[in-house]
Amino acid sequence: MNKTLHYLFDPLCGWCYGAGATVAELAAMPGVELRLLPTGLFSGEGARPMTLDFATYAWSNDQRIERLTGQRFTEQYRSDVLADQRQMFDSGPATVALTAVALTTPVREFEALKVIQQARYVEGRDVTSLDTLVAVLKAQGLDDAAQRLVQPDAALLDANRARVIEAQALLQQFGARGVPTFILEQNGQRQLLPSNAVFSNPKTFLAQVASA
């Protein structure tokens, strides 16, 4: 029996990065289709300047995520991203990059998300820059997506907007307030899964998806 797991996320969400190992296991699980839906949480009105206060808060939160999940947040990220007040905290460009991958090579979207997260949190690169994102995609051989991203056209932006609208509608429907959020669909029925288990007991979470 096939299941679809709708994964609602934001590419600049540290907790989504922290959940990466568990999400990778979900992506490899037989009989489960992992469907990525970016929520636009930190884009548009959700974007903000990278102030000193926000950077301090983000680093403290990131250290908590690292202790809990083992995912690395490097000093290079701290110095080159969080300390760079010229950068916005804006996931809009990375979200469009992922939509470009979804349109051109959809089976590699989760891989693209991982490399974008790696570029930011480990390599300390500015993934709010289209030039950086184009380079990241090209390095993975995602040339078609990179080309779409050089000059995003109306079709790409419309597809991106549609994905975000769908994700936000699901968040509202299930009363979910943040990301990561996981909604399991089978036999036309959808249920919200407790995302806290991804961090507190990932094996139990994986077993719940497998046995549902």
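Residues numbered from 1 in each chain as written. Predicted model: local features only at pLDDT ≥ 70, side-chain atom pairs only at ≥ 80, totals over all residues. Heavy atoms only, no water.

**Student:** Could you give an account of the sheet that holds strand β2 (residues 32–38), with specific residues and numbers?
**Tutor:** Taken together, the four strands give an open sheet; going across it, the order is β2-β1-β5-β6, and neighbouring strands pair in mixed fashion. Among the strands making up the open sheet, the edge pair consists of β2 and β6 (189–193). Neighbour to neighbour, the strand axes of the sheet diverge by 25° on average, direction disregarded. In this sheet, strand β5 (residues 181–186) lies alongside strand β1 (residues 3–9) in antiparallel orientation, the contact comprising five bridges. Across the sheet, residue His-6 finds its bridge partner in β5, namely Ile-183. Each of β1, β2 and β5 is contacted by helix α2 (residues 20–27), which is oriented at about 135° to β2, the strand it contacts most. Its contacts with the sheet put helix α9 (residues 154–174) on β1, β2, β5 and β6, and the angle it makes with β2 is roughly 105°. (Pairing = 2+ DSSP bridges. Helix = DSSP H or I, 4+ residues; strand = E, 2+ residues; numbered from the N terminus. Axes fitted to C-alpha atoms, helices over the stretch in contact; angles between N-to-C directions. Contact = heavy atoms within 4.5 Å.)

**Student:** Please provide a residue-by-residue account of the environment of Arg-35, values included.
**Tutor:** Within the secondary structure layout, Arg-35 lies in strand β2. We classify Arg-35 as partly exposed; its relative accessible area is 27%. With 31 residues separating them in the primary sequence, Arg-35 and Thr-4 have C-alpha atoms 6.8 Å apart. When near neighbours in sequence (up to four residues on either side) are disregarded, Arg-35 contacts Thr-4, Leu-5, His-6, Tyr-7 and Glu-166. A polar contact is formed between the side chain of Arg-35 and the side chain of His-6, at a distance of 3.3 Å. (Buried < 20%, exposed > 50% of the residue type's maximum accessible area, 1.4 Å probe, protein only. Polar contact = N/O pair within 3.5 Å; in protein donor to acceptor, adjacent residues only side chain to side chain.)

**Student:** Give me the lowdown on the packing of helix α5 (residues 92–104) against helix α7 (residues 130–139), citing residues and values where you can.
**Tutor:** Their axes nearest at 10 Å, the elements α5 and α7 cross at an angle of 35°. Judged by the twist between their axes, the crossing of α5 over α7 is right-handed. Between α5, through Pro-93, Ala-94, Ala-97 and Val-101, and α7, the contact on the second element is made entirely by Leu-130, Leu-133 and Leu-137. When the residues that make up the contact of α5 with α7 are grouped by side-chain class, the tally is seven nonpolar, no polar and no charged. (Left-handed = near helix turned anticlockwise from the far one by under 90°. Nonpolar A, V, L, I, M, F, W, Y, C, P; charged D, E, K, R; others polar.)

**Student:** Requested: an account of the pattern of salt bridges, with residues and values cited.
**Tutor:** The full count for this structure, using the stated rule, is nine salt bridges. With a closest N to O distance of 2.8 Å, Arg-35 and Glu-166 form a salt bridge. Placement of Arg-35 in strand β2 and of Glu-166 in helix α9 is noted, with a sequence separation of 131 residues between them. Residues Asp-84 and Arg-86 are paired through a salt bridge, measuring 3.0 Å at the closest nitrogen-oxygen approach. Residue classification places Asp-84 among the buried positions, given a relative accessible area of 15%. Residue Arg-86 is classed as exposed on the basis of its relative accessible area of 77%. (Salt bridge = Lys/Arg side-chain N within 4 Å of Asp/Glu carboxyl O.)

**Student:** Kindly report on the pairing of β6, identifying the contributing residues and their values.
**Tutor:** Relative to β6, β5 is paired through five bridges, and the arrangement is antiparallel. Residue pairing for β6: Phe-182 is matched across the bridge by Leu-193. Counting the residues that bridge the hairpin from β5 to β6 gives two residues, and of these Asn-187 lies at a positive phi of roughly 55°.

**Student:** So what's going on with the nonpolar core? Which residues, and what values?
**Tutor:** Ranked by size, the top nonpolar core spans 60 residues in total, and within it Tyr-7, Leu-137 and Phe-182 carry the most contacts. Among residues more than four places away in sequence, those in contact with Leu-137 are Ala-97, Val-101, Ala-112, Leu-142, Ala-145, Ala-146 and Leu-149. In terms of nonpolar packing, the next biggest core, distinct from the first, is built from seven residues, Leu-8, Leu-37, Leu-171 and Ala-176 among them. (Core = buried A, V, L, I, M, F, W, Y, C linked by side-chain atoms within 4.5 Å.)

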